[in-house]
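Coordinate inspection notes
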Amino acid sequence: MNNIALLHEMFTLQQKLNDETNGLEWEKGYNKHGRIINWKRCIYMEAAELIDSFNWKHWKDINIDPDWDNVIIELVDIWHFVMSLGLEEYKCNKIGDIDILVEHVYDSRYFDEFCNDVEVPDNSDAMTIINTIEHILIDTLQNQEFYKILDDFMIISLQCGLNFDVLYKFYVGKNILNKFRQDNGYKEGTYQKVWNGVEDNVVMTEMLEKDALGPDALYTALDKAYKAL
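Throughout what follows, the structure given in this document is the object of discussion. (Residues numbered from 1 in each chain as written. Predicted model: local features only at pLDDT ≥ 70, side-chain atom pairs only at ≥ 80, totals over all residues. Heavy atoms only, no water.)

**Considering the overall build of the protein**
- Check the secondary structure of the protein and you find 10 helices and two strands.
- Along the chain direction, N to C, the helices and strands of the protein fall in the order α-α-α-α-α-α-α-α-β-β-α-α.
- Whereas a compact globule of 229 residues would reach a radius of gyration of roughly 17 Å, the protein reaches 18 Å, a difference of no more than 12%.
- For the protein, the C-alpha atoms occupy an extent of roughly 50 × 45 × 35 Å along the three principal directions.
- Burial analysis of the protein (229 residues in total) assigns 46% to the buried set.
- For the protein, long-range pairs separated by at least 24 residues make up 74% of all intrachain contacts whose partners lie at least 6 apart in sequence. (Helix = DSSP H or I, 4+ residues; strand = E, 2+ residues; numbered from the N terminus. Rg over C-alpha atoms; globule rule 2.2 N^0.38 Å. Buried < 20%, exposed > 50% of the residue type's maximum accessible area, 1.4 Å probe, protein only. Contact = heavy atoms within 4.5 Å.)

**Remarks on the environment of His33**
- Here His33 lies in the loop between helix H1 (3-22) and helix H2 (39-51).
- Exposure remark for His33: the relative accessible area of 54% places this residue in the exposed category.
- Residues His33 and Gly23, spaced 10 residues apart in sequence, show a C-alpha to C-alpha distance of 8.5 Å.

**Quick look at the packing of aromatic side chains**
- Counted under the stated rule, the structure contains 20 aromatic pairs.
- Relative to Trp68, the ring of Phe54 lies with its centre 5.5 Å away and its plane at 90°, an arrangement referred to as edge-to-face. You can see Phe54 sitting in the loop between H2 and helix H3 (68-92) and its partner Trp68 sitting in helix H3, a full 14 residues away along the chain.
- Each member of the aromatic cluster is reached from another via a ring pair, and the members are Phe11, Trp79, Tyr106, Phe111, Phe114, Phe153 and Phe164. (Phe/Tyr/Trp six-rings, centres within 6.5 Å; stacked < 30°, edge-to-face > 60°.)

The following block contains the structure:
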């Protein structure tokens, strides 16, 4: 598939996940249990977790390197919420359907650069990257429009060594993991997130790095591993 088709697949998967998790018409700002949905709050809370992947504390563990593996996981989490924000805004403001949204993202300011190979970041880049992450915190808190937040996300990703190909691979993986969590009691609080001392995010990442698993095969592999706990 070309990049616009891959984009379309991700937005379609996100719409399906939101419909199943939150109920139909979640775009109106409430889930099926009447709880408020605030995608911008989701983004800035995940962005704060992203900052914690870096050694920003001047009083503690000052020689520890950034956790670059977790940086990618946190960025993929943010991408879920950026897409959800776009889906909500396009439907509620009657801008267009998923096809139109995908075309606009494809034509956005940084998308071409985002599809190129990127350099692996250096540990010395950490403080600069943190400053960039803070831009998305500010823009969500100031209620900036979707495209400003989309640009922020792509700039941060490029600085962190994440491009479109890697995002697609791990987004599909995390999307399936999120569905697996929901199917196994995540919302009810009965889901076991740590598997034999390892968080499920890490288990999923290792599965993807070991084999080229499609969505169905990944779900099956997760199910097999979870039942073996």
